[in-house]
Amino acid sequence: MIANPRSLWTARFLRLMAVARYRFIVELTLIFLAVWVGCAALVYLFEIGHSQRIHTFTGTVYALLVTMTTSGDSAVAPVTLGGRMVMGFALIVSKLLTALLCALAAAVLIERKVREDMGLKMHKLHQHIVIIGWNLKGPQIIQTLRREADMQHVPILIMADMDHKPVEDPTVLFTRSPYPARGDAIDRAALDQAATIVVLANYAEKQNADALTAVNCLLARRVNPRARLITELLDPNQRLYLEAAGADLVVGIGEVGGFLLAEATIGNEQARQLLNYVAEAGRASAPPAAPTAAATQPPAGQPAACAK
């Protein structure tokens, strides 16, 4: 069932009115409109037949607006005592209301910027990339993603337990979140709409890092069953738990892990094959097989002594 657009706008308006600053802005705007139209009506009554610039009510409304904002040469110069008193009142009130509206608008903009920098802004994203956690591999992942032509305009959002956004890139979004992720941070990051989720290890948790990563994997898979889930592994013995938690790809290759995380996020098939190869090699317990006779056979035309 499709919701009525009018009811959606009404609900959004009521939510805004529940916030004191937005309600105050609406109240000041209504007062400004009332003073503007009311004073225009009084000026029209006092000045009609006396002022050469007052002919119609609509013309008086426009002329009074120009006078109140002092933005043109159509200002009204009243000639009657009543018109001058009304005009003086309108000018004083308009200046006060304009100053208050500008101050409130600036406060709202500053607050939005501060909330965005602190990771408290609600993001409305779709098919984006979410990075849960932050460590030394994070900048490398973002740089690799931005070098790819297909990934230059894909939104990237960082969910990390930090006071401010960890990178200066203006195209990267930030949501402050505990580790493991929980609470309203999941909604702020639009985790249920993400196309790819990358879970980085928490290096500060030496013994429980992979356990916390597994918890984040379970949460991400529960919130978004459709997303491609890529995780970082510190202890190779814990790979089974991350795979059981729903991870599609598990990266535990030390220093090159950041590169492979980024390449896997892009969808590089070679990176995927390398990850699968390393995973299979890690599961294998038997030593590698001895070289076959064919492998030890020297190339054609080469002495047998050189093949040792």
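Everything numeric in this text was worked out from a predicted model, so none of it was measured.

1. Considerations on the packing of helix α3 (residues 57-69) against helix α4 (residues 81-117)
No. 1: One can describe the packing of α3 onto α4 by two numbers: an axis separation of 9 Å at closest approach and a directional angle of 55°. With respect to α4, the axis of α3 lies oblique. The two elements α3 and α4 cross, and the hand of that crossing is right-handed. Packed against α3, whose contacting residues are Leu64, Thr67, Met68 and Thr69, the element α4 presents Met87, Ala90, Leu91, Ser94 and Lys95 at the interface.
No. 2: Here the residues of the contact of α3 with α4 are counted per class, giving 5 nonpolar, 3 polar and 1 charged.

2. Things to note about the sheet that holds strand β3 (residues 172-176)
No. 1: If you trace the 6 strands from one edge of the open sheet to the other, you get β3-β2-β1-β4-β5-β6, paired in parallel fashion. The open sheet terminates on both sides in strands that have one partner only, identified here as β3 and β6 (249-251). Averaged over all adjacent pairs, the angle separating strand axes in this sheet is 20°, with direction ignored.
No. 2: Where strand β2 (residues 156-160) lies against β3, 5 bridges are found, and the strand directions are parallel. When the sheet's bridge partners are listed, alanine 160 is paired in β3 with arginine 176.

3. Let's talk about the environment of leucine 104
No. 1: As for its placement among the helices and strands, leucine 104 is situated in helix α4.
No. 2: For leucine 104 and leucine 28, which are 76 residues apart along the polypeptide, the C-alpha to C-alpha distance reads 10.0 Å.
No. 3: Excluding its chain neighbours within four sequence positions, the residues that come into contact with leucine 104 are Phe24, Ile25 and Leu28.

4. Thoughts on the packing of aromatic side chains
We describe a pair of aromatic rings using the distance from one ring centre to the other and the angle between the two ring planes.
No. 1: Here the structure, examined in full by the defined rule, presents 1 aromatic pair.
No. 2: Look at tyrosine 44 and phenylalanine 57: their rings are 6.1 Å apart centre to centre, the planes differ by 85°, and that puts the pair in the edge-to-face class. With tyrosine 44 in helix α2 (residues 20-47) and phenylalanine 57 in helix α3, this residue pair connects regions lying 13 residues apart in the sequence.
No. 3: Residue tyrosine 44 is classed as partly exposed on the basis of its relative accessible area of 25%.

5. Describing α4
No. 1: In a regular helix each residue adds 1.5 Å, so 37 residues correspond to 54 Å; α4 covers 54 Å between its end C-alpha atoms and thus fits that length.
No. 2: By the burial criterion, the buried members of α4 are Gly82, Gly83, Val86, Met87, Ala90, Val93, Ser94, Leu97, Leu104 and Val108.
No. 3: Two or three places before glycine 83, at the start of α4, stands the capping residue threonine 80, its side-chain oxygen 3.1 Å from that residue's backbone nitrogen.

6. Section: the pairing of strand β4 (residues 196-199)
No. 1: A two-sided burial pattern is seen for β4, the buried positions comprising Thr196 and Val198 on one face and Ile197 and Val199 on the other.
No. 2: Sheet topology places strand β1 (residues 129-132) next to β4; 4 bridges connect them, and they run parallel. Residue isoleucine 129 lies in a different strand from β4, and its bridge partner there is threonine 196.
No. 3: One ladder, built from 4 bridges, connects β4 with strand β5 (residues 228-232); its direction is parallel. What sits directly across from isoleucine 197, in β5, is leucine 229.
No. 4: Note on the crossover from β4 through helix α7 (residues 209-223) to β5: the handedness is right-handed.

7. As for the confidence of the model for the protein chain
No. 1: Per-residue pLDDT for the protein chain averages 80, and the proportion of residues at 70 or more is 80%.
No. 2: Low pLDDT, under 50, characterises residues 289-308; the stretch is placed with 5 contacts to residues that sit more than four places away or in other chains.

8. A look at the pairing of β1
No. 1: Residues Ile129 and Ile131 of β1 are buried on one face, and the alternating residues Val130 and Ile132, pointing to the opposite face, are buried as well.
No. 2: The pairing of β1 with β2 spans 4 bridges and is parallel. Bridge pairing in β2 links isoleucine 132 to methionine 159.
No. 3: With helix α5 (residues 137-147) bridging β1 and its parallel neighbour β2, the resulting β-α-β unit is right-handed.

9. Considering the pattern of salt bridges
No. 1: The tally for this structure, following the rule as stated, stands at 4 salt bridges.
No. 2: In this structure, aspartate 184 engages arginine 188 in a salt bridge whose closest nitrogen and oxygen atoms are separated by 3.1 Å.
No. 3: Aspartate 248 is the salt-bridge partner of arginine 221, the closest N and O atoms lying 3.0 Å from each other. Residue arginine 221 is located in helix α7, and its partner aspartate 248 is located in the loop between α8 (239-244) and β6; the two are separated by 27 residues in the primary sequence.
No. 4: On the basis of relative accessible area, arginine 221 is assigned to the buried category, the value being 18%.
No. 5: The class for aspartate 248 is partly exposed, based on a relative accessible area of 43%.

So, how was this worked out
- Residues numbered from 1 in each chain as written.
- Predicted model: local features only at pLDDT ≥ 70, side-chain atom pairs only at ≥ 80, totals over all residues.
- Heavy atoms only, no water.
- Axes fitted to C-alpha atoms, helices over the stretch in contact; angles between N-to-C directions.
- Helix = DSSP H or I, 4+ residues; strand = E, 2+ residues; numbered from the N terminus.
- Parallel < 35°, antiparallel > 145°, perpendicular 65-115°, else oblique.
- Left-handed = near helix turned anticlockwise from the far one by under 90°.
- Contact = heavy atoms within 4.5 Å.
- Nonpolar A, V, L, I, M, F, W, Y, C, P; charged D, E, K, R; others polar.
- Pairing = 2+ DSSP bridges.
- Phe/Tyr/Trp six-rings, centres within 6.5 Å; stacked < 30°, edge-to-face > 60°.
- Buried < 20%, exposed > 50% of the residue type's maximum accessible area, 1.4 Å probe, protein only.
- Expected span 1.5 Å × (residues − 1).
- Polar contact = N/O pair within 3.5 Å; in protein donor to acceptor, adjacent residues only side chain to side chain.
- Right-handed = clockwise from strand over helix to strand, strands pointing away.
- pLDDT = per-residue confidence, 0-100.
- Salt bridge = Lys/Arg side-chain N within 4 Å of Asp/Glu carboxyl O.

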